[in-house]
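Examining the three-dimensional arrangement
Chain residues, written in single-letter form:
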Amino acid sequence: MSLRRLFRSPEAVAGFVILGLLGAMALTAPLLFPGDPLAIAGQPLLRPFQDWALPLGTDRLGRDVLAGLFHGARTSLAVGLAAAAASILVGSVVGTVAGFAGGLVDEVLMRITDAFQTVPGFLLSLALVSVVGPSLSVVVAAIALSAWTGPARIARAEVLSIRERDYVASARVIGMHPIEIAFREVLPNALPPVLALSSVIVAAAILTEAALSFLGLGDPNRVTWGGMIAEGRAVLRSAPFLSVIPGIALVFSVLGVYLAGEGVVESTAAREGQA
Amino acid sequence: MSVILEARNIVRDYHVPGSFLKKAKTVHAVKGVSFSVEKGKTLAIVGESGCGKSTLGRILTLIDPATSGDLLIEGKKIDIAKGDLTPEMRRKVQIVFQNPYGSLNPRQKIGDILTEPLVINTKTPADERRDRAMTLLKKVGLEEKHYNRYPHMFSGGQRQRIAIARALMLNPKLLVLDEPVSALDLSVQAQVLNLLADLQDEFQLTYVFISHDLSVVRYIADEVMVMYFGEAVEYGSRDEVFADPKHSYTKTLFAATPRADVESIRARLAKKKAA
Ligand SMILES: Nc1ncnc2c1ncn2[C@@H]1O[C@H](COP(=O)(O)OP(=O)(O)OP(=O)(O)O)[C@@H](O)[C@H]1O
Ligand SMILES: [Mg+2]
């Protein structure tokens, strides 16, 4: 992919800058704020820019907001990426099997996909977390549970056209096993349009995680932006910054992921149009 | 002379499933075709688009099963629907497709494309596989440095050479060539046809050459079979068929092809003058 073309679009540049910042926050969190971000750091409800040891102030229990913001970036990114990876993995495997096998297998798999797609995704996630209990991996699974259907549909459509290509017939002529044909010859060629979905899925996953945490269904042992917003809600009138700061972080992250993803997709499309 | 390939009454029906507004129907693509090919000879299958040539080619290469009829390779009956296909049988028949842009997996290097048939069907060690691939690359007029490149770095004619090399990796007895030159420029066509003729001599190959181009057929065929709507309407030696076409379709087919020899050009000129 041409990096120059990618960075010609200001939106893409903005997206990557935000993503870079987010990544830097996530990576440096344990270095800059080595202690437990859930531990009490100072007097409660300290306003931002009052004390330079606690630049963004403290919450109702006296926890460092800036430390929470950094550690929250870690959680948001981890959940977003893991959930997107899981949904794309599951979705493309299901889509490939359905499209390649055809017939009854296809029919059954696609009806299951339909079923998952008709139930609102957030309800599914909510249901799983409340049944299994909140932990980071359950939250990831809960998000992936509703997000895999998009990749599955796109992978299937792509596979339907790719399986008729001559190189697939060639693989059969040399005696390759159908499963190997599906996953070595067909799937890799079906993947690019599926991967184009990843930014949307990451962005949605970050939001869903925040929403779950807001409802108190996030991993209780981790700082999350959703949890911070919920924390601040009780004192929304007297200390709005407690909800506003993580809220802004959330908005920027989702925007950043989305813009960067769009930029990549567009520059690849431009390259393909040129080739 | 030994017969390499014998087809008895091959039939292939496609069932096109109906949908909401369309009724399901059956396409009779091949309607009972019989022929045999002797070792080292070339059978050309000619006919207009949609007459079932490729369908027949895929049956001969054991990609798709026939609906009914018998296929014998070196006198041994093969039924892939029964799943009794051994690697030894697989190796005997290989195929080269029409579209050089669709027959090579765009995500595989040439080296992998070439060695894959050996990996799947033999226990040849890696260095021997590589040696054989290099030898065949040179045989088909390419170079060792092409081993590590991807298909998109080659022209159509070069890709067709790669496809031919891949088909030869397993030392097959029979090569099905499904319009192997019709996607190429005229000058490149001649080169590839010469290559095929050389390879046939060198490796004692038997060809089933599918084409709709009579000048190509005249050049390469020993025997000719003309297909018309799934039926073999003419079958005999090249000279018989070209000298004395029996079926009315063959006559129109021959009449529609402008002949390029001096006499027919003279005749055409004379006709023009007379008019
Ligand atoms: N997978 C399929 N499903 C249904 N019908 C098919 C399928 N493949 C081929 N057919 C039909 O079978 C008939 C023969 O097709 P085939 O591809 O063998 O023709 P062909 O002689 O190779 O033509 P061409 O010269 O255009 O390559 C056509 O009517 C085609 O529409
Ligand atoms: Mg064809």
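For clarity, every value in this text was computed on a predicted model and none was experimentally measured.

1. Quick look at the sheet that holds strand β5 (residues 76-77) of chain B
Residues and elements named next belong to chain B. With antiparallel pairing, four strands are arranged side by side in an open sheet as β2-β1-β4-β5. The strands lining the two open edges of the sheet, one partner per strand, are β2 (25-38) and β5. Where strand β1 (residues 3-16) meets strand β4 (residues 68-73), five bridges bridge the pair, whose relative direction is antiparallel. By the bridge assignment, V11 is partnered in β4 with S68.

2. Comments concerning the site of ligand 1
All names here are of chain B. Near ligand 1, the surroundings consist of 13 residues, among which S49, G50, K53, S54 and T55 are the closest. A distance of 3.5 Å separates a nitrogen atom of ligand 1 from a polar side-chain atom of Y14. In this structure, an oxygen atom belonging to ligand 1 sits 3.2 Å away from a main-chain N or O atom of C51. Out of a free accessible area of 640 Å², ligand 1 has 61% covered by protein chains. At the level of elements, β1, β2 and α1 (53-60) are the ones that each hand at least two residues to the shell around ligand 1. Of all the elements, α1 adds the most residues to the shell around ligand 1, at three residues.

3. Observations regarding the confidence of the model for chain B
Mean pLDDT over chain B: 89, with 94% of residues reaching 70 or higher. Per-element confidence in chain B is highest for strand β8 (residues 206-211) of chain B, whose mean pLDDT is 96, and lowest for helix α10 (residues 262-274) of chain B, whose mean pLDDT is 67.

4. Points about the packing of helix α3 (residues 65-101) of chain A against helix α7 (residues 149-162) of chain A
All names here are of chain A. With their axes 7 Å apart at the nearest point, α3 and α7 run at an angle of 35 degrees to one another. You can see that α3 and α7 cross each other, and the crossing is right-handed. For the pair α3 and α7, the contacting residues are S87, I88, G91, S92, V94, G95, T96, A98, G99 and F100 in the first and P151, A152, A155, R156, V159 and L160 in the second. Residues of the contact of α3 with α7, tallied by class, amount to nine nonpolar, six polar and one charged.

5. Considerations on the packing of aromatic side chains
Residue and element names in this part refer to chain B. Enumeration over the complete set of coordinates arrives at five aromatic pairs over all chains. A centroid spacing of 5.0 Å and a plane angle of 70 degrees characterise the contact between Y228 and F229, whose relative ring orientation is edge-to-face. The exposure class of Y228 is partly exposed, given its relative accessible area of 29%. Grouped by ring-pair contacts, the aromatic residues Y228, F229 and Y249 constitute a single cluster.

6. Structural notes on a nonpolar patch on the surface
All names here are of chain A. On the surface, a nonpolar cluster with roughly 540 Å² of combined accessible area is contributed by L89, V90, V93, V97, V105, I179 and F183. Looking at the nonpolar patch, the elements that each hand over two or more residues are α3 and α9 (178-195). Looking at the nonpolar patch, the element that brings in the most residues is α3, giving four residues. If you trace the backbone, I179 turns up in helix α9.

7. Section: the UniProt feature "transmembrane region" (unreviewed entry) in chain A
Summarizing the sequence annotation, UniProt attributes the feature "transmembrane region" (unreviewed entry) to residues 12-33, 77-101, 122-148, 194-218 and 239-261 of chain A in the numbering used throughout. In residues 12-33 of chain A, the share of helix is 95% and the share of strand is 0%. The end C-alpha atoms are 30 Å apart.

8. Section: the sheet that holds β8 of chain B
Residues and elements named next belong to chain B. Taken together, six strands build an open sheet; the order of strands is β6-β7-β8-β3-β9-β10 and the sheet is mixed. With partners counted over all chains shown, the strands left at the sheet margins are β6 (93-96) and β10 (231-237), one partner each. Across the sheet, the mean angle from the axis of one strand to that of its neighbour is 15 degrees, orientation sign disregarded. In this fold helix α6 (residues 186-203) packs onto β3 (42-46), β7 (174-178) and β8, with an angle of close to 160 degrees to the strand it touches most, β8.

9. Some details on the interface of chain A and chain B
Listed per partner, the contact involves 15 residues of chain A and 22 residues of chain B. Here chain A meets chain B over a buried area of about 1600 Å², counting both sides, of which 53% is carbon and sulfur. Among the residues chain A hides against chain B, the three largest losses belong to D166, V173 and I174 of chain A. Together they make up 40% of the total. Summed over the shared surface of chain A and chain B, the number is two salt bridges. Residues E116 of chain B and R184 of chain A are paired through a salt bridge, measuring 2.5 Å at the closest nitrogen-oxygen approach. One can count ten residue pairs in polar contact (both at pLDDT 80 or more) joining chain A with chain B. Of all the elements in the fold, those that place two or more residues in the side of chain A that touches chain B are α8 (166-173) and α9 of chain A. The greatest single-element share of the side of chain A that touches chain B, amounting to six residues, is contributed by α8 of chain A. Among the residues forming the side of chain A that touches chain B, the class breakdown is seven nonpolar, three polar and five charged.

10. A few points about the pairing of β10 of chain B
Residue and element names in this part refer to chain B. Taken together, the six bridges between strand β9 (residues 223-228) and β10 define a ladder with antiparallel strand orientation. Within β10, the residue paired with V224 across the bridge is G236. Here β9 folds back onto β10, and the loop between the two strands holds two residues, one of which, F229, carries a positive phi near 45 degrees.

11. Considering the UniProt feature "domain: ABC transporter" (unreviewed entry) in chain B
On the UniProt side, "domain: ABC transporter" (unreviewed entry) is annotated at positions that read residues 5-254 of chain B here. In residues 5-254 of chain B, the share of helix is 36% and the share of strand is 27%. The end C-alpha atoms are 27 Å apart.

12. A closer look at unusual backbone geometry
Despite not being glycine, F49 of chain A has its phi angle at roughly 60 degrees, a positive value. Its place among the elements puts F49 of chain A in the loop between α2 (10-32) and α3. Assessed through its relative accessible area of 56%, F49 of chain A is described here as exposed. At L62 of chain B, a position not held by glycine, the phi torsion is positive, near 65 degrees.

13. A word on the side chain of S76 of chain A
Residues and elements named next belong to chain A. By the element assignment, S76 lies in helix α3. On the accessibility criterion, S76 (2% relative accessible area) is buried. In this view, S76 contacts I206, E209 and W225; residues no more than four positions away in its chain are not counted.

Parameters and conventions
Per chain, residues are indexed from 1 in the order of the written sequence. Here chains are named by letter from A upward and ligands by number from 1 upward, in the order in which they appear as written. The model is predicted, so local features are restricted to residues of pLDDT at least 70 and side-chain atom pairs to those at 80 or more, both for listing and for counting; the totals for chains, interfaces and linings are taken over all residues. Each side-chain value is derived from all of the structure's non-hydrogen atoms; neither hydrogens nor water enter the calculation. In this scheme, strands are said to pair when DSSP sees at least two bridges between them. Working definition: helices are DSSP H or I runs of at least four residues, strands are E runs of at least two. Numbering for both runs from the N terminus. Definition of nearness: a residue and a molecule or strand are near each other if at least one heavy atom of the residue lies within 4 Å of the molecule or strand. In protein, a polar contact requires one atom able to donate a hydrogen and another able to accept it; more generally it is a pair of N or O atoms within 3.5 Å, and residues adjacent in sequence count only if both atoms are side-chain atoms. What sets the accessible areas is the Shrake-Rupley method with a 1.4 Å probe; for residues, cover comes only from the shown protein chains. Known as pLDDT, the predictor's confidence for each residue is given on a scale from 0 to 100. Helix axes are fitted only over the stretch in contact, all axes being lines through C-alpha atoms; the angle between N-to-C directions runs from 0 to 180 degrees. Handedness of each helix crossing follows the sense of rotation of the near helix against the far helix: counterclockwise by less than a right angle gives left-handed, clockwise gives right-handed. Contacts are assigned to residue pairs that have any heavy atoms within 4.5 Å of one another. Note on residue categories: nonpolar means Ala, Val, Leu, Ile, Met, Phe, Trp, Tyr, Cys or Pro, charged means Asp, Glu, Lys or Arg, and polar means any other residue, Gly included. For Phe, Tyr and Trp, rings pair up if their centres lie within 6.5 Å, where Trp contributes its six-membered ring, and each pair is then called stacked (planes under 30 degrees apart), edge-to-face (over 60) or tilted (otherwise). Type-normalised accessible area, obtained with a 1.4 Å probe on protein chains alone, sets the label of each residue: buried when under 20%, exposed when over 50%, and partly exposed for intermediate values. Like charges within 9 Å and nonpolar side chains (Val, Leu, Ile, Met, Phe, Trp, Tyr) within 5 Å are joined into patches, using only residues over 30% in relative accessible area that form no salt bridge. By definition here, a salt bridge exists when the distance from a side-chain nitrogen of Lys or Arg to a carboxyl oxygen of Asp or Glu is within 4 Å. UniProt positions are given in the numbering used here, feature names are shortened, and annotations may be inferred rather than shown by experiment. Accessible surface is computed with a 1.4 Å probe, and the buried area is the amount of it that two parts give up when combined, taken over both parts together.

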